[in-house]
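Examining the three-dimensional arrangement
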Amino acid sequence: MRFDEVLTRPDGPAVAEEVAALRRSGRHVIEGVHQVSPREYWQFRLDLDEHRQRWTLDRSDQPTISYRDGVLDISDGPAQDTFEHSTVAEGVVRMAAPELMLRWGRGPESFHPVLVQHVGRHSILVTFEHRDDPATRTTLVVDERDGIARRSLEYGEATVVTSVHAVDPDEVLPPVHFEPLTEWIRPDY
């Protein structure tokens with residue numbers, strides 16, 4: 001990966017591939033918070049199994065949605081879909097597979113990476129720029145140890161992953177319980 005140098009739009013797809021190469025495949029449970037405004041947020045738990053191409057997303061503010069066996073099950077009812085496309089239904093799902101985000105300068109994507117830097121002890125900070133407005137920037141922090149995004153800032157909204165756990169493929173998770181947030185979530189980069 002090219003660190004600490006300005007990148008151009010054609011560099012984006014290669015950066016996405018390098019980020020994808022960091023990821024450890026398998027089943028992961030990812031918990032976090034998506035903040036819409038200073039006082040508006042929702043919590044989530046994502047159970048993602050890449051081998052079986054399925055995921056379940058529990059949110060504190062909406063019913064559970066899921067993808068399994070080629071079917072995306074959302075509040076509007078089930079619909080046929082592909083695994084990759086199903087992750088568009090909820091952007092937080094793509095925190096587990098950041099190379100699927102629409103930010104890497106591929107084809108019609110509006111954003112592309114302009115800078116990749118180390119941040120903290122084990123993380124990579126990627127800064128993205130909008131094709132038509134270079135002053136519009138977003139950022140993404142990816143953990144080098146597992147390739148899962150830990151923090152995303154875009155258009156004033158933030159997604160913060162607070163925990164990541166590898167689980168056995170057949171493990172049954174307990175029902176989700178969201179504890180109220182009482183303080184700022186400190187980063188662990």
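Preceding block: the structure.
We now turn to the structure provided with this report. Worth saying up front: this structure is predicted, and the values here are computed from it rather than measured. (Residues numbered from 1 in each chain as written. Predicted model: local features only at pLDDT ≥ 70, side-chain atom pairs only at ≥ 80, totals over all residues. Heavy atoms only, no water.)

1. Focus on the overall build of the protein
Helix and strand content of the protein: two helices and eleven strands. In sequence order, the secondary structure elements of the protein are arranged as α-β-β-β-β-β-β-α-β-β-β-β-β. Over its C-alpha trace the protein gives a radius of gyration of 16 Å, about what one expects of a compact globule, namely 16 Å for 189 residues. C-alpha extents for the protein along the principal axes are approximately 45 × 40 × 30 Å. Of all 189 residues assigned to the protein, the portion counted as buried reaches 45%. Surface accessibility of the protein: about 10,200 Å² in total, with carbon and sulfur atoms responsible for 51%. Where the 21 positive side-chain charges of the protein centre and where its 34 negative ones centre are 2 Å apart. (Helix = DSSP H or I, 4+ residues; strand = E, 2+ residues; numbered from the N terminus. Rg over C-alpha atoms; globule rule 2.2 N^0.38 Å. Buried < 20%, exposed > 50% of the residue type's maximum accessible area, 1.4 Å probe, protein only. Areas by Shrake-Rupley, 256 points an atom, 1.4 Å probe, with all protein chains shown as cover. Lys, Arg positive; Asp, Glu negative; His and termini not counted. Charge placed at Lys NZ, Arg CZ, Asp CG, Glu CD.)

2. Side note on the nonpolar core
In this structure, Ile 30, Phe 44, Leu 46, Trp 55, Leu 57, Trp 104 and Leu 140 are the most contacted members of the largest nonpolar core, which totals 32 residues. For this core, the secondary-structure elements that each account for two or more residues are helix H1 (12-22), strand E2 (40-49), strand E3 (54-59), strand E4 (65-68), strand E7 (111-119), strand E8 (123-130) and strand E9 (137-143). (Core = buried A, V, L, I, M, F, W, Y, C linked by side-chain atoms within 4.5 Å.)

3. Brief notes about the layout of surface pockets
A volume near 440 Å³ is recorded for the largest pocket. Taken together, 18 residues line the largest pocket, and the ones lying closest to its centre are Gly 91, Val 92, Met 101, Arg 103 and Glu 154. Where the lining of the largest pocket is concerned, the elements lending two or more residues are strand E10 (149-154) and strand E11 (157-166). (1 Å grid on protein atoms, 1.4 Å probe; cavity = no way out; pocket = protein on both sides within 12 Å on 5 of 7 lines; lining within 4 Å. Points joined across faces, edges and corners; volume = space filled by probe spheres on them.)

4. What to know about the sheet that holds strand E6 (residues 77-80)
Ordered in space as E6-E5-E4-E3-E2-E1-E11-E10-E9-E8-E7, the eleven strands form an open sheet in which the pairing is antiparallel. The sheet is open, and its two edges are formed by E6 and E7, each paired on a single side. This sheet shows a mean twist of 15° between the axes of neighbouring strands, independent of strand direction. This element, H1, spans E7, E8 and E9 of the sheet and lies at about 45° to E7. (Pairing = 2+ DSSP bridges. Axes fitted to C-alpha atoms, helices over the stretch in contact; angles between N-to-C directions. Contact = heavy atoms within 4.5 Å.)

5. Focus: the side chain of Thr 127
Along the chain, Thr 127 turns up in strand E8. Here Thr 127 falls in the buried class, since its relative accessible area comes to 13%. Thr 127 has contacts with His 112, Pro 113, Val 114, Leu 115, Arg 137, Thr 138 and Thr 139, leaving out every residue within four places of it along the chain.

6. Topic: the packing of aromatic side chains
Tallying each qualifying case throughout the model produces four aromatic pairs. When the ring of Phe 111 is compared with that of Tyr 155, the centres are 5.9 Å apart and the planes differ by 70°; the resulting orientation is edge-to-face. On the criterion of sequence distance, the pair formed by Phe 111 in strand E7 and Tyr 155 in the loop between E10 and E11 is long-range, its members being 44 residues apart. Among the residues examined, Tyr 155 registers a relative accessible area of 59% and is labelled exposed. Above the ring of Trp 42, the side-chain terminus of Arg 59 is found at 3.5 Å from the ring centroid. Lying over the aromatic face of Phe 128, Arg 103 brings its terminal NZ or CZ to 5.4 Å of the ring centre. (Phe/Tyr/Trp six-rings, centres within 6.5 Å; stacked < 30°, edge-to-face > 60°. Lys NZ or Arg CZ within 6 Å of the ring centre and 35° of its normal.)

7. Notes on the pattern of salt bridges
Close approach of charged atoms allows side chains with opposite charge to pair. Taken as a whole and assessed by the stated rule, the structure comprises 17 salt bridges. Notably, a salt bridge pairs Arg 23 with Glu 50, separated by 2.7 Å at the nearest N-O pair. With Arg 23 in the loop between H1 and strand E1 (27-37) and Glu 50 in the loop between E2 and E3, the pair connects residues that are 27 residues apart, well separated along the chain. The residues Arg 23 and Glu 50 share a single accessibility class, namely buried. Taking the shortest distance from any N to any O, the salt bridge between Arg 137 and Glu 129 comes out at 2.8 Å. (Salt bridge = Lys/Arg side-chain N within 4 Å of Asp/Glu carboxyl O.)

8. Points about empty space enclosed by the protein
One simple way to see leftover space: roll a probe sized like a water molecule over the atoms. Evaluated as defined, the whole model comprises one cavity of 30 Å³ or more. Estimated volume of the largest cavity: approximately 40 Å³. Residue lining of the largest cavity: Leu 48, Glu 50, Phe 83, Thr 87, Val 93, Arg 94, Ala 97 and Leu 100, and that is the complete set.

9. Some remarks on unusual backbone geometry
Positive phi, normally seen in glycine, also occurs at Asp 4, with a value near 60°. With respect to the helices and strands, the residue Asp 4 is situated in the segment before H1. Taking relative accessible area as the criterion, Asp 4 reaches 57% and is therefore assigned exposed. Even without being a glycine, Asp 69 presents a positive backbone phi close to 55°. Since its relative accessible area comes to 61%, Asp 69 is described here as exposed.

Nothing here speaks to function; it is geometry throughout.
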